[in-house]
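# Report on the structure
Take a look at the letters that make up each chain.
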Amino acid sequence: MMQRPPHEDFSLKETKPHLGGGKATGDKLTSTYDLVEQMQYLYVRVVKAKDLPAKDLTGSCDPYVEVKLGNYKGTTRHFEKKSNPEWLQIFAFSKDRIQASVLEVTVKDKDVLKDDFMGRVLFDLNEVPKRVPPDSPLAAQWYRLEDRNGNKLKGELMLAVWWGTQADEAFPEAWHSDAATVSGADSLSSIRSKVYLSPKLWYLRVNVIEAQDLIPTDKTRFPDVFVKAQLGIQTLRTRSSMSKSINPMWNEDLMFVAAEPFEEPLILSVEDRVAPNKDEVLGRCAIPLQYVDRRLDHKPLHTKWYTLEKHVIITEGDKKKEIKFSSRIHMRICLEGGYHVLDESTHYSSDLRPTAKQLWKSSIGVLEVGILNAQGLSPMKTKDGRATTDAYCVAKYGQKWVRTRTIIDSAAPKWNEQYTWEVFDPCTVITVGVFDNCHLHGGDKAGGARDSRIGKVRIRLSTLETDRVYTHSYPLLVLHPTGVKKMGEIHLAVRFTCSSLLNMMNMYSQPLLPKMHYVNPLTVSQLDSLRHQATQIVSMRLSRAEPPLRKEVVEYMLDVGSHMWSMRRSKANFFRIMGVFGGLIAVGKWFDQICNWKNPITTVLIHILFLILVLYPELILPTIFLYLFLIGVWYYRWRPRHPPHMDTRLSCADNAHPDELDEEFDTFPTSRPADIVRMRYDRLRSIAGRIQTVVGDLATQGERLQSLLSWRDPRATALFVIFCLVAAIVLYVTPFQVVALIAGFYVLRHPRFRHKLPSVPLNFFRRLPARTDCML
């Protein structure tokens with residue numbers, strides 16, 4: 001067993017950052033970016049130049065602009081043979097790293113040997129104006145170029161220079177001095193902050209009813225016909241038709257996941273199984289999804305006949321003749337807008353709305369998240385012989401994904417970026433993940449680089465108080481084959497603002513999923529398969545964006561591998577069940593102490609309470625609910641004041657066996673040696689044997705109940721039937737309150753009137769027969 005790290009390393013820490021320029025006190029602040037710390041930047045917008053002097057014999061130049069501030073230097077792209085270039089590029093220099101008092105903007109002529117100096121403009125940082133949104137953007141001005149001695153030269157440069165914060169609209173697209181070491185357009189685009197939207201997903205239902213006029217090649221046998229449907233990478237097939245004829249019937253549903261815009265058609269083929277591994281296509285058709293009907297409820301749509309085409313080449317002598325056979329297939333195809341397409345684990349869903357926008361309800365509030373910084377990040381790679389980390393964050397809620405900019409070579413990156421989401425259901429979860437960017441400095445030339453996961457945080461909105469700012473430092477925990485490891489901490493500020501308290505309270509009475517999930521439910525196997533297809537589509541679409549949100553990032557955020565077998569997770573779930581039943585077990589022990597008169601005063605009080613409830617039964621339910629109310633009010637003093645976070649003890653990650661972790665990280669199918677697989681198989685058999693015994697015992701008790709009236713044991717059934725007759729007569733002539741008092745006082749009787757042998761009803765029940773005798 002591995003040594004458990006100190007628990008305090010994995011704890012949640014409340015912080016008091018200076019948000020929006022003032023200290024967070026839990027109340028709502030008024031500035032636009034009030035959930036992040038203000039970061040000052042010097043912005044330089046290079047617009048264009050005119051009348052630049054020619055530097056070569058052709059009378060033209062290849063100009064570009066170099067913006068230099070201390071040791072930091074950024075350059076625009078260059079234009080070939082153009083004296084009036086237009087760049088429209090923005091540079092941002094962090095005030096924390098400025099070590100100069102003069103900004104130098106130089107225009108140069110690109111040359112093979114050495115770039116020529118064409119002129120420059122100098123700015124004193126003390127004279128630069130400040131701009132705070134929502135002020136209008138600062139207008140660019142023309143500046144005359146000067147030589148190194150301050151003399152005026154030919155040519156002018158249009159610039160705008162100002163002090164601003166990360167709230168400036170120029171911030172996302174600007175070149176940052178933090179990324180001065182990154183070169184190349186692809187690398188620069190991959191470090192900028194971006195907002196992505198998941199594709200709109202639909203369930204596609206294909207109800208295959210029948211086919212007509214099929215023409216098999218072999219007329220001497222009955223065709224074994226099935227339908228194969230393909231949508232992109234998804235392929236499904238029906239069962240073979242029971243009617244072995246040229247007019248087969250199926251009446252079977254096939255479910256797919258389709259994403260807008262619909263790029264690929266639905267391809268259906270009717271095939272005949274002519275041999276164990278050989279299928280012959282009898283007809284094929286392609287159906288564009290743009291023309292498929294859309295359904296918002298459970299009402300059936302009209303069916304349609306689709307033409308199946310099969311082209312056959314027949315040779316007659318020396319001539320080839322093409323003949324087209326037109327068979328038909330009868331289907332009902334629709335895009336289901338009443339379902340929510342599950343692309344996340346149901347335990348961590350961030351969106352539960354149906355696909356069709358017409359069925360959406362109004363939002364109940366707004367979620368605001370400020371991604372402040374991270375501390376103590378572990379080095380994820382080596383560059384130039386030293387360990388480094390290029391960290392960025394990804395947050396996912398609903399259909400909206402956000403990605404912060406990448407902070408180059410820092411174990412304590414500061415992002416201070418704020419994002420907002422509309423909230424439609426409070427019982428949802430936002431996920432924030434931290435990753436290491438492995439696609440800088442030509443790291444993906446081989447095509448095999450993958451962004452490394454540093455950790456993630458989940459926050460359930462229903463656990464948050466409304467209009468309160470939560471500022472906490474969350475531990476980033478990742479499970480490795482060697483055990484759980486803390487990769488650092490991420491500092492977040494979260495606020496959930498409710499627009500209508502009545503609407504939010506009403507949400508707790510509504511079904512969790514849209515109506516169609518209950519009116520026309522999908523099977524568990526269908527949901528698992530469709531969720532897998534949905535995550536594949538989402539990851540593929542987002543990886544095609546610019547810059548791409550890569551597949552490994554999307555799969556980690558969506559918990560793609562959470563359904564795989566894990567001994568550690570199984571133990572954790574077992575202990576969770578024991579924790580749930582712990583309260584019932586405690587009540588049972590307390591009642592056993594009452595029955596055995598461990599505390600005579602308490603037992604006497606219980607007798608009195610029992611007597612009152614029996615004599616006044618109308619007080620039973622009010623007493624129960626009043627007791628629950630008092631418990632809830634009492635526990636209000638100790639209500640959780642912090643959001644929940646990853647718990648290593650609950651997850652059984654702090655004391656997991658190395659072999660169990662190695663099994664959890666094994667591939668599927670397994671890639672481990674045969675002796676290790678045999679050992680794990682034997683271990684799984686021993687665990688399954690215990691579960692098998694428990695299930696058998698439960699079945700035995702149930703069969704004994706059934707045998708009370710089955711006359712399997714004629715003497716036992718006769719005794720029970722006679723007892724039921726006598727009990728019916730006695731209970732008819734005896735008032736119920738008397739029976740309840742006698743039964744209650746008998747259960748609570750003093751130990752002097754008890755004996756250690758089992759009771760008569762228990763002896764009778766244990767002697768009843770079960771079907772264990774019939775088991776092989």
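Everything below is about the structure shown above.
The following paragraphs examine the structure supplied in this document. (Residues numbered from 1 in each chain as written. Predicted model: local features only at pLDDT ≥ 70, side-chain atom pairs only at ≥ 80, totals over all residues. Heavy atoms only, no water.)

### Concerning the overall build of the protein
- A tally of helices and strands in the protein yields 13 helices and 32 strands.
- Its C-alpha atoms give the protein a radius of gyration of 36 Å, clearly above 28 Å, the size a compact globule of 776 residues would have.
- Each principal axis of the C-alpha distribution contributes one length, and for the protein these read about 120 × 100 × 60 Å.
- For the protein, the residues scored as buried account for 41% of the 776 residues in total.
- Of the contacts made within the protein by residues no fewer than 6 positions apart, 69% connect residues no fewer than 24 positions apart.
- Surface summary for the protein: the accessible area is close to 43900 Å², and the carbon and sulfur share equals 58%.
- Side-chain charges of the protein comprise 103 positive and 86 negative groups, with the mean position of each set lying 5 Å from the other. (Helix = DSSP H or I, 4+ residues; strand = E, 2+ residues; numbered from the N terminus. Rg over C-alpha atoms; globule rule 2.2 N^0.38 Å. Buried < 20%, exposed > 50% of the residue type's maximum accessible area, 1.4 Å probe, protein only. Contact = heavy atoms within 4.5 Å. Areas by Shrake-Rupley, 256 points an atom, 1.4 Å probe, with all protein chains shown as cover. Lys, Arg positive; Asp, Glu negative; His and termini not counted. Charge placed at Lys NZ, Arg CZ, Asp CG, Glu CD.)

### Here we look at the nonpolar core
- Membership of the largest hydrophobic core comes to 63 residues, with the highest contact counts inside it found for Y203, L367, W401, W421 and I490.
- Judged by nonpolar contacts, the second largest core, of 29 residues, contains L204, V227, V270 and Y306. (Core = buried A, V, L, I, M, F, W, Y, C linked by side-chain atoms within 4.5 Å.)

### Examining the sheet that holds strand β31 (residues 469–480)
- Spatial ordering of the open sheet is given by β1-β31-β32-β23-β28, a layout of five strands whose pairing is antiparallel. Every interior strand has two partners, whereas the edge strands, β1 (13–14) and β28 (414–423), have only one.
- Looking at chain direction, β1 and β31 are connected through two bridges and run antiparallel. Paired with E14 across the strands is H472, a residue of β31. (Pairing = 2+ DSSP bridges.)

### Comments concerning the pattern of salt bridges
- All chains considered together, the criterion is met by 42 salt bridges.
- Note that E555 and K551 form a salt bridge whose closest N and O atoms lie 3.9 Å from each other. In this pair, E555 and K551 are both assigned in helix α5 (residues 551–557), four residues apart and thus about one turn of the helix distant.
- The exposure class assigned to K551 is partly exposed, which follows from its relative accessible area of 39%. (Salt bridge = Lys/Arg side-chain N within 4 Å of Asp/Glu carboxyl O.)

### Description of a nonpolar patch on the surface
- A surface patch of nonpolar side chains, amounting to about 880 Å² of accessible area, comprises I601, V604, L605, I608, L611, I612, L615, Y616, L619 and F745.
- Among the elements that take part in the nonpolar patch, helix α7 (residues 600–615) stands out by supplying seven residues, more than any other.
- Of note, L605 is situated in helix α7.
- The exposure class assigned to L605 is exposed, which follows from its relative accessible area of 52%. (Patch = residues over 30% accessible without salt bridge, like charges linked within 9 Å, V, L, I, M, F, W, Y side chains within 5 Å.)

### Here's the deal with α7
- The end-to-end C-alpha distance of α7, which contains 16 residues, comes to 23 Å, matching closely the 22 Å that a straight helix rising 1.5 Å per residue would cover.
- Of the residues making up α7, those classed as buried are T603, H607, L613 and V614. Down the axis of α7, the buried set is contained in an arc of 135°. They therefore lie on one face. Set apart from the buried face of α7 by more than 90 degrees, the exposed residues are I601 and L605.
- Residues of α7 that are buried sit in contact with α6 (567–595), α8 (620–635) and α12 (736–747). (Expected span 1.5 Å × (residues − 1). Arc of directions from axis to C-beta.)

### So, the pairing of strand β10 (residues 141–146)
- The pairing of β10 with strand β11 (residues 152–164) spans five bridges and is antiparallel. Residue pairing for β11: E146 is matched across the bridge by K152.
- Counted along the chain from β10 to the antiparallel partner β11, the turn is five residues long, and its residue G150 has a positive phi close to 90°.

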